[in-house]
Every structure is written in structure tokens, then in C-alpha cells.
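Each chain, written out:
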Amino acid sequence: MKITQHSSATTLTLSLDGELDASSSVLLDTELAKPETLQFQKVLIDCQKLNYISSAGLGVFISHLQQFQDAGVKLVFFNMQDKVHNVFEILGLDALMTIVPSEAEATAV
Amino acid sequence: MQSTLYPLTIFSWVLLLLSTLSNTQGQAASWLGGPWPEWVTLVTQAAFAAGMFMHQRELPEPLRGNDFVGLLRRLVLGPGLLATLCVGLHLLERVIQYQLPTNDRTLFALIYTINLGLFVFFLAKTNYSWRSLVLFRSSTRIQREWVWFEILLGATLLFRLFDWVPPHPIDYIVIGTLGAFGVYLSGNQQWVAYLNRRQKWEAVLLQVAMLLSMAVFVSYFLRIAQDPKLVAPAPQHAFLLLTVFFSTFYALMGLLVTLFNLPTAGVFEQKREEILSLQRLTQLIQKGQSEDEIHRMLLDSAVQTVDADAAWIMLDNEEQRPQVAQSFQIAPEQMAQVYALLQEYNLHLIEYLNNDLPNSNGFRSLALPYGSLIVMPLRSAKRRYGAIYMLKKGRQGFDRENLSILQTFASQTVLSIENLRLMNVSLENQRVQEELKIASLVQDSLIPKNLPIDSWFAISSYAESAKEVGGDFYDFLHLPGRRLAILIGDVSGKGVTAAFHVAQMKGIFHALMQENPLARSERDKFPLPSKFMAQANHALARCLEKSAFITASLYIIDYENGGFMFARAGHCHTLYYHSIKEEVSYFQTAGLGLGIIRNESYEKHIKNQFYDYNPGDVMVIYTDGIVEARNAAQDEYGEERLQQMLEQTYFLDADAIKEQILTDLAEFSHGQPMHDDQTLLVVKFKAAQPGSHN
């Protein structure tokens with residue numbers, strides 16, 4: 001799992017590369033738990049290279065969901081592969097989180 | 001031999017006494033029928049000396065281990081008393097002589113013979129104590145030389161027997177040579193090196209006492225030799241002279257060597273201390289004590305060994321500034337100042353020795369009361385742990401030796417720490433293994449052992465835990481009126497926590513699926529699946545950790561009405577074979593996992609679904625461990641493949657369908673490790689069976 005990030009004034013984009021399992025989800029959790037993350041208006045997650053997400057990985061997003069909502073930070077996923085999208089969908093997360101096809105749409109949200 | 005030697009020695013002394021008395025011309029002499037011939041005295045004298053020496057020679061080794069001081073003490077205390085006894089007897093004799101009117105020599109001869117016996121005993125004792133010291137850690141050559149020395153000394157006993165009393169040239173040559181031999185052997189004083197400072201002082205005192213008691217004996221015999229009352233022939237001159245000479249010379253030599261060694265005793269002790277410190281440090285590894293203790297040990301040993309005035313150990317900290325682990329006689333701000341300065345010059349990561357701090361710019365500005373500094377990093381091939389800092393007041397306080405001993409200490413410490421960490425990791429692993437064993441036992445006990453049985457359906461189940469304990473669960477409950485509740489689910493996470501939540505879910509299931517006595521209609525007696533999920537979500541909200549969630553599906557099958565209702569809380573879709581339509585499909589329903597939203601709004605995210613089943617319909621319920629099982633190419637088994645399997649097998653009975661699916665799954669994921677728990681339930685509805693109504 002590799003996490004690369006770049007940010008503009010209002011937006012933080014995290015690109016996930018690899019498999020988000022129990023061990024790599026710790027990395028992601030550290031990133032999302034940073035206090036400065038909540039300073040952005042939007043946090044975009046680029047899932048283009050995310051091949052797999054385990055329940056631990058989902059748990060990281062779930063655990064930060066409330067915090068993001070309270071702080072008014074929008075969490076947007078884009079470029080999600082079908083099988084990963086399927087996992088979000090089965091769990092019902094697609095109704096709670098914003099998942100859009102492309103980066104352009106994610107920026108526009 | 002020992003048992004006969006001692007009586008013979010005593011016997012020869014008694015003979016010697018009698019023979020001497022026979023020459024006194026007093027009453028005793030006449031009573032003994034004396035005077036006896038002179039050769040009797042000479043032979044008994046020689047026999048006594050030889051016997052005493054041989055007896056002492058065969059006694060057990062007087063040196064015990066490295067207890068040199070003990071050996072000397074035993075030697076001095078015995079002969080010390082003998083010398084006092086000798087002087088005491090001599091004085092007693094004088095006193096009694098004055099009281100006696102006659103000029104009888106009997107008493108004089110008696111005391112003389114007793115003192116001679118004591119002297120020979122003392123010499124023999126001394127001689128063989130010295131033997132232990134000479135032969136301590138000696139080569140076989142020295143051992144051989146010692147034996148020759150003994151033989152030659154023994155041979156001098158014969159001199160007197162051949163009546164060589166008037167000084168003979170050969171006498172001088174032999175005695176001179178043997179004396180030189182004794183001097184040569186006296187050079188073997190290795191034992192002195194094994195004494196510490198205190199023991200050396202003790203040894204010096206004991207040797208002085210030893211020489212004094214020797215002097216008492218010798219002076220006694222020198223005085224007596226001139227006495228006109230002496231009736232016995234002069235004792236074994238050559239032999240006694242040589243043994244006295246050797247005993248004295250060895251003691252004197254030992255005294256000098258010990259004295260000369262006193263100034264260097266400190267150095268020896270320091271080396272010894274270094275070795276002991278190192279040993280102590282090494283022993284900590286086996287004791288498995290804490291890192292803190294190892295650091296303290298290092299600081300103590302290092303301070304003691306290099307005699308530092310102040311010292312501390314600083315440990316690297318990945319995120320924050322390095323932290324002081326142990327310190328000795330130094331204030332926190334001073335440590336911080338020195339560290340900051342070293343960091344400024346980029347010297348804080350390397351081995352560094354500065355013996356002239358007052359002349360180094362940076363240190364001068366700190367105005368520390370120290371003149372010398374050593375920094376020794378603690379590091380292994382892989383990583384750096386920190387460093388030990390040592391300060392001394394004076395300049396030129398440390399030398400290369402200190403540096404190298406500190407190096408050894410540092411590497412030993414790092415080794416200890418790494419061993420300790422490895423051990424802790426393995427202990428932790430063992431504990432985790434143990435916990436997992438318990439968790440899987442718990443989990444195993446939570447899985448229903450008996451499947452529900454009735455004539456209108458058939459259930460087949462399969463549940464397999466991955467190596468680690470996972471969170472799959474399923475359960476059944478018969479409800480009144482030929483209804484059956486089936487719960488299946490998966491707790492996120494693994495291990496003991498997961499097993500705990502499984503138990504919780506099971507408890508919630510059994511608690512909520514109780515008949516409500518206040519219900520107005522039959523339908524309300526048991527909660528609808530969506531209501532169940534909402535209540536379960538509410539119950540779990542507070543005890544589930546923030547990042548954990550549970551997926552579940554609850555089915556309530558009602559035979560009377562030929563239908564079932566279910567709700568899906570984020571769990572895998574239900575695969576279903578419709579016998580009327582002759583098609584296999586997934587029930588596509590929305591539904592959020594439990595614990596994701598933890599307030600009342602959860603209820604909006606969960607729906608009930610109703611379906612009327614027909615005989616021959618097949619329901620396949622499973623967990624994600626089935627569809628996410630991977631093959632060698634890391635592809636997932638997938639919903640599609642599962643669907644195809646049911647399309648090929650729906651006509652079989654429940655067990656056979658399950659077996660076919662599992663066989664296919666096993667083929668697919670052949671050789672791959674199992675990542676997640678796998679649970680599979682196959683329910684096949686049957687036609688109404690009359691008569692089996694309960």
C-alpha cells in the first residue's frame with residue numbers, strides 16, 4: 001500500500017495504491033487522523049489503483065466519517081474500480097459517502 | 001604409607017630424646033644406661049627430619065583455590081604459636097635452672113629436643129606451603145625442578161651421618177649450589193598477581209610475621225649452639241640451614257614482590273573490575289531484565305570503569321527529541337546543553353573523545369566544570385539506539401583504553417537490548433497464540449452444532465475459520481408456528497475482540513427474538529427483521545469500537561404462509577434459485593451494516609423484503625470469505641461464479657449443492673492460503689409434508 005498526497009488551498013487528495021488491508025489501513029488512519037486534514041473543505045480519495053479493500057480498510061473510513069461531517073469536510077471517492085465499488089455498495093456505504101466516477105466530478109462536488 | 005610414617009616420625013623423635021638424655025650424665029642418663037653411642041642420636045635426628053618432611057609432603061594440598069592469604073594466615077598462626085611456645089619453654093627452663101641447686105643438664109636437653117622438634121615441624125610446614133605457591137600455575141618444568149630440589153635437600157641429611165662436620169669443600173659447593181637452586185625457585189611468585197590491594201597488604205603483614213617467627217627459632221638455636229650445657233651433637237646443619245634459607249628467602253622474596261606490586265594493584269583491580277562489569281552485563285541477557293535495568297547497568301559499569309565524574313545515557317526517539325534514560329551526577333540542563341552543542345557540530349552520532357574541553361570554543365562558552373568528554377554511540381548493524389556520554393573534571397581524563405572498553409560495553413549493551421526485544425516479541429507472539437486458541441474455542445462453541453430439522457426444508461452448513469480467528473457467525477431459532485429465524489453475519493476485525501462481538505451478536509439475537517406478550521397481532525409478536533437490525537444497531541452502538549462494524553442478514557421463514565421476510569444489514573447478497581421461473585439471481589436490496597451509523601437515523605437505511613417461496617427453491621447464504629477467496633492469480637471467486645454453480649446444482653439436495661460449491665471453491669483457490677473465515681448455508685425448501693405438522 002502506497003499513499004501519495006497532494007493538496008491545494010481547499011482540497012486534499014490522497015491516492016491509494018495497492019491493497020488496503022489490516023496492516024496498511026494503519027497508514028491511512030494516520031493520514032486521516034492528522035488534525036490538519038480537517039482544515040480542508042474537501043478530502044478526495046483517488047481509488048484508481050486501489051485493488052482491494054478489507055473490512056479494516058472500510059473501518060478506517062467509517063471511523064472518520066462522523067468527524068468529517070461534524071467538521072464540514074466533504075469526503076469524496078473517485079476512480080473506484082468495480083469490485084471495490086461493489087464492496088462499498090454491499091455494505092451500504094454508497095448511500096452515506098459520495099462516490100463519483102472521475103476526478104473532474106469529484107472536484108465539482 | 002601415611003599411616004606408618006607418622007608413628008615412625010614420633011618414634012624417631014622419642015628415640016632422639018632418649019638418646020640425647022642418655023648423654024646428660026644426670027639421673028636420667030644413668031637410668032637409661034647411657035651414654036648411648038653418638039650414631040643413635042644422629043640417625044634418629046635424620047630419621048625424624050626426613051619423616052616429618054615426608055609426612056608434610058603427603059598431606060592434602062594446603063592451598064584452597066586462590067585463597068593465598070588463607071594459606072599464609074594458617075601458616076603464620078600455627079608457627080607463630082610454636083615460636084612463642086619455643087621462647088616460653090626456653091624461659092621456663094631458665095627459671096627452673098635458677099631454682100635448682102644442681103647443674104643438671106636433663107631439663108635443658110629435654111627443652112632443646114622439644115624445640116628442635118617444633119622447629120623441624122615448622123620448617124616442613126613452611127616448605128610445603130611454599131611448594132604450593134611455587135607450583136601455582138607453574139609449568140611441568142618447574143614441577144620437575146621442585147622434585148629434584150626435594151631429593152637434593154633430602155640427600156644433605158646424609159652429610160651429618162658421614163660425619164662431615166669439619167667444613168669440607170664439597171660441603172660448601174653442595175650447599176652453595178642448593179642455596180642458589182632455592183633462590184632460583186623463589187622467583188616463582190605468580191600468586192601475588194591474583195591478590196587485590198587489601199589482600200596484598202594482608203600478605204605483606206603475614207610474611208613479616210612469618211619472618212619474625214623464623215627469626216625467633218633461628219636466634220634460639222644460634223644461642224644454644226654456643227651453650228656449654230648442650231650435650232647433643234649439632235643438629236643437621238646442612239639440611240636445616242638450607243631449608244631455613246629457602247623458607248626465609250621465599251618469604252622475603254614474596255614480601256618484596258608483593259610490596260613492589262602494591263602500587264600497581266589499582267590497575268590490576270581496575271582490569272578485574274572491567275572484566276567483572278562485562279560479565280555482569282553479559283549475565284543480564286540471560287536474566288531477561290528490562291531495558292531500563294540494562295541501561296542502568298551500563299551506566300554503573302561505565303562510570304565505575306572509567307572513573308567518570310558525570311555521565312548519562314540518551315536514547316533516540318523516533319518522533320521527539322532524544323530522551324535521557326539514565327544519568328549520574330549531572331543536571332538536566334547541562335545534558336541538554338552538551339547535546340545541543342554536539343548536534344550543532346554534528347558530532348552527536350559518532351564516537352567522540354575530547355580531552356581538552358576548556359580549549360574547545362563551544363564548550364568554553366558553556367562554562368562546564370568538566371575537562372574531558374567521551375561520547376559512545378549505542379548501535380547495532382541495523383539501527384542506532386542512542387549514546388552514552390561521560391564527563392571527567394580534569395583534562396586528559398580519558399585514554400584510548402577507556403574508549404575501547406566503552407566500545408565493548410556499548411556493543412554488549414546493544415546485544416542485550418536486542419536479545420531482550422526479540423525475547424519480548426516471541427513472548428508476545430506466544431501470548432497472542434494462546435489468546436487465539438481461546439478465541440477460536442469460544443468461537444467454535446458459538447457455532448450451532450445441531451442444525452434445525454423439519455420436513456419442509458433442508459439445511460446444510462459449512463463454516464471454516466481462517467488461521468486467525470475471524471468474525472463469521474450464524475445461528476438458528478425455531479419460532480412458534482413453524483417459523484424459523486436464520487441469522488448470518490460477519491464482524492469486522494479478527495481475534496479475541498471479534499469473537500467477543502460474535503458472542504454479543506448471538507446474545508442480541510436470542511434476546512430480541514423473544515415473544516412479545518403485549519403484542520396486539522400475531523405479526524407483532526416477533527420483531528420484523530428491519531426492526532431487529534435497528535435494535536441490534538442501537539445495542540451495539542456503544543460497545544463497538546469506532547472503526548468496527550458488523551454485517552448481518554436475518555431471515556424469518558414462515559411455513560404456514562409459504563413465505564419469508566428478511567433484512568440485509570450490509571451483508572453479502574442472498575443467492576436464490578426460483579423454481580417457478582427456473583432462474584438463479586441475487587436479491588438486490590439496500591441495507592447498511594451495523595455500527596456504521598450509531599443513531600436513530602440508521603433505521604432509514606434498512607429495509608424488509610418479503611418473498612413467497614415455492615417448493616424446490618434454494619437459498620444460498622454465505623459470508624464474504626467465500627466470494628473473496630482468491631486463486632493464484634489473485635482473482636476473487638466472485639458472485640458470478642457462485643451463481644453459475646447454483647445454476648448447475650439447484651436440483652440436488654442441500655448437502656450436495658453445498659458440497660459441489662465447496663469443491664469448486666477448493667479447486668479455484670487451490671494452494672492459496674485462506675485469508676478470511678468462510679461460512680456457507682444452503683437452504684432448500686420442500687413440498688408440504690402432510691402429517692409432519694407440529
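Now for a description of the structure that goes with this document. Quick caveat, the model's predicted, so the values are computed rather than measured.

Turning next to the overall build of chain A. A count of helices and strands for chain A gives four helices and five strands. Helices and strands appear in chain A in the N-to-C order β-β-α-β-α-β-α-β-α. Here chain A holds 109 residues, and the buried ones make up 49% of them. Excluding contacts between residues fewer than 6 apart, the proportion of contacts in chain A whose partners are at least 24 apart in sequence is 70%. Within the structure as shown, chain A displays about 5,000 Å² of accessible surface, and the carbon and sulfur contribution to it stands at 49%.

Right, let's talk about the pattern of salt bridges for a bit. A side chain with one charge can pair with a side chain of the opposite charge if their charged atoms come near. All names here are of chain B. Using the criterion set out here, one finds 19 salt bridges over all chains in the structure. In this structure, R395 engages D356 in a salt bridge whose closest nitrogen and oxygen atoms are separated by 3.5 Å. Of the two residues, R395 sits in the loop between strand 5 (384–392) and helix 14 (400–446) while D356 sits in the loop between strand 3 (352–354) and helix 13 (361–366), which places them 39 residues apart along the sequence. Overall, the relative accessible area of 49% leaves R395 in the partly exposed class. A salt bridge links K525 to E515; the shortest N-O distance between them is 3.4 Å. Within this pair, whereas K525 is found in the loop between helix 15 (495–512) and helix 16 (529–541), its partner E515 is found in the loop between helix 15 and helix 16, the two being separated by 10 residues in sequence. Through salt bridges with shared partners, a single network forms among R57, E58 and E150.

Let us look at the sheet that holds strand 1 (residues 310–315) of chain B. Residues and elements named next belong to chain B. Spatially, 2-1-5-4-3 is the arrangement adopted by the five strands of the open sheet, whose pairing is antiparallel. Strands with a single pairing partner mark the edges of an open sheet, and in this sheet they are strand 2 (323–328) and strand 3. When the angles between neighbouring strand axes are averaged without regard to direction, this sheet yields 15 degrees. In this structure, strand 1 lies alongside strand 5, joined through six bridges in antiparallel fashion. Within strand 5, the position partnered with A311 by the bridge is M390. Against the sheet, helix 11 (residues 291–306) touches strand 1, strand 2, strand 4 (372–379) and strand 5, its axis set at about 40 degrees to strand 2. Against the sheet, helix 12 (residues 332–344) makes contact with strand 1, strand 2, strand 3, strand 4 and strand 5, and its axis sits at roughly 65 degrees relative to strand 1, the strand it touches most.

Reading the values: the criteria
Residues numbered from 1 in each chain as written. Chains lettered and ligands numbered in written order. Predicted model: local features only at pLDDT ≥ 70, side-chain atom pairs only at ≥ 80, totals over all residues. Heavy atoms only, no water. Helix = DSSP H or I, 4+ residues; strand = E, 2+ residues; numbered from the N terminus. Buried < 20%, exposed > 50% of the residue type's maximum accessible area, 1.4 Å probe, protein only. Contact = heavy atoms within 4.5 Å. Areas by Shrake-Rupley, 256 points an atom, 1.4 Å probe, with all protein chains shown as cover. Salt bridge = Lys/Arg side-chain N within 4 Å of Asp/Glu carboxyl O. Pairing = 2+ DSSP bridges. Axes fitted to C-alpha atoms, helices over the stretch in contact; angles between N-to-C directions.

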